[in-house]
Amino acid sequence: MRRATRHRLILLFAAAALVALAVWQWQREAAEALGALTGLDPAAVSRVALTLQGAAAEHYAKRDGHWWRTDGTPMRADDGRLDELTEIAAAPVASWRPLGDFDPARVGLAKPMATLVLDDQTLRFGDTSATGPVRYVQVGNRVALVSVRYTPRPTRHDAIQAD
């Protein structure tokens, strides 16, 4: 075999190995992508209920493209705040674990700091993790670690007087 042919075969083999390594890495990253907190489309959510520890429950419904508080006398609510709450449905998850792997009291899920119900999906927010700025969130029988950025915040003066 000539030297030039041997060099071409080595280069071809090296290029094939690099392509195989890139495909393997891409598949590994795709498998590790953990998805969103829920399968809900935030724009499609039409009902929200929020209970923060030590506060009364708040209930909202979306009508004609705007959010309305449905507790007592219906009033317009802060659309921006409610959009923030519905965006939590699409929060990226850092990791998922079965609920049985945790003692709910140790991660703040026995008495959650917040319970958010988006349509019929209940999210229970526990403590922040000691390993980083992430919070334990129970979704059904699993627990996710989600950035603290997606923690429901208390209302300021959220009601706008009805027209």
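Up top you'll find the structure we're talking about.
Residues numbered from 1 in each chain as written. Predicted model: local features only at pLDDT ≥ 70, side-chain atom pairs only at ≥ 80, totals over all residues. Heavy atoms only, no water.

A.B. asks: Sorry, what's going on with the overall build of the protein chain here?
C.D. replies: Per the secondary structure count, the protein chain includes 2 helices and 10 strands. Counting from the amino terminus, helix and strand elements in the protein chain follow one another as α-β-β-β-β-α-β-β-β-β-β-β. Against the 2.2 N^0.38 benchmark of 15 Å for 163 residues, the protein chain shows a C-alpha radius of gyration of 24 Å, more extended than a compact globule. If one aligns the C-alpha atoms of the protein chain with their principal axes, the spans along those axes are about 90 × 40 × 25 Å. Excluding contacts between residues fewer than 6 apart, the proportion of contacts in the protein chain whose partners are at least 24 apart in sequence is 52%. For the protein chain, the separation between the mean place of its 20 positive charges and that of its 18 negative charges on side chains is 14 Å. (Helix = DSSP H or I, 4+ residues; strand = E, 2+ residues; numbered from the N terminus. Rg over C-alpha atoms; globule rule 2.2 N^0.38 Å. Contact = heavy atoms within 4.5 Å. Lys, Arg positive; Asp, Glu negative; His and termini not counted. Charge placed at Lys NZ, Arg CZ, Asp CG, Glu CD.)

A.B. asks: What should I look at first to understand the side chain of Asp119 in this one?
C.D. replies: When you line up the elements, Asp119 lands in the loop between strand S6 (114–118) and strand S7 (121–128). Notably, Asp119 is buried but unbridged: the nearest opposite-charge side chain belongs to Arg47, and the N-O separation is 4.1 Å. A polar atom in the side chain of Asp119 sits 3.0 Å from the backbone nitrogen of Ser46. With residues up to four places along the chain from it excluded, the contact list for Asp119 reads Ala44, Val45, Ser46 and Arg47. (Buried < 20%, exposed > 50% of the residue type's maximum accessible area, 1.4 Å probe, protein only. Salt bridge = Lys/Arg side-chain N within 4 Å of Asp/Glu carboxyl O. Polar contact = N/O pair within 3.5 Å; in protein donor to acceptor, adjacent residues only side chain to side chain.)

A.B. asks: How should the nonpolar core be read in this particular structure?
C.D. replies: Nonpolar side chains tend to gather and get buried jointly when the protein is soluble and globular. Counting residues in hydrophobic clusters, the biggest one holds 25 residues, and the most contacted among them are Leu37, Val48, Ile88, Leu116, Leu123 and Val146. At the level of secondary structure, the elements contributing two or more residues to this core comprise strand S1 (47–52), helix H2 (79–87), strand S5 (93–98), S6, S7, strand S8 (134–139) and strand S9 (142–147). Filtering out sequence-adjacent residues up to four positions away, Leu116 remains in contact with Val48, Ala49, Leu50, Leu85, Ile88, Gln121, Thr122, Leu123, Phe125 and Pro152. The next biggest cluster of nonpolar side chains, apart from the first, holds 7 residues, and it includes Val107, Leu109, Val134 and Tyr136. (Core = buried A, V, L, I, M, F, W, Y, C linked by side-chain atoms within 4.5 Å.)

A.B. asks: It is not clear to me how the side chain of Asp79 should be interpreted in this structure. Could you clarify?
C.D. replies: Along the chain, Asp79 falls in helix H2. The buried category is assigned to Asp79, whose relative accessible area is 17%. The residues contacting Asp79, other than those within four sequence positions of it, are Gly65, His66 and Trp67.

A.B. asks: Just checking my understanding: could you explain the packing of aromatic side chains for this structure?
C.D. replies: Given two aromatic rings, one states the distance between the centres and the angle between the planes to describe the pair. The tally for this structure, following the rule as stated, stands at 1 aromatic pair. For the ring pair Phe102 and Tyr136, a centre distance of 5.5 Å and an interplane angle of 70 degrees mean the geometry is edge-to-face. Within this pair, whereas Phe102 is found in the loop between S5 and S6, its partner Tyr136 is found in strand S8, the two being separated by 34 residues in sequence. In terms of burial, Phe102 and Tyr136 fall into one category: buried. (Phe/Tyr/Trp six-rings, centres within 6.5 Å; stacked < 30°, edge-to-face > 60°.)

A.B. asks: Is there a simple way to explain a nonpolar patch on the surface in this structure?
C.D. replies: Where nonpolar side chains cluster on the molecular surface, the patch consists of Met1, Leu9 and Leu12 and spans about 360 Å² of accessible area. Tracing the chain through its elements places Leu9 in helix H1 (residues 3–32). (Patch = residues over 30% accessible without salt bridge, like charges linked within 9 Å, V, L, I, M, F, W, Y side chains within 5 Å. Areas by Shrake-Rupley, 256 points an atom, 1.4 Å probe, with all protein chains shown as cover.)

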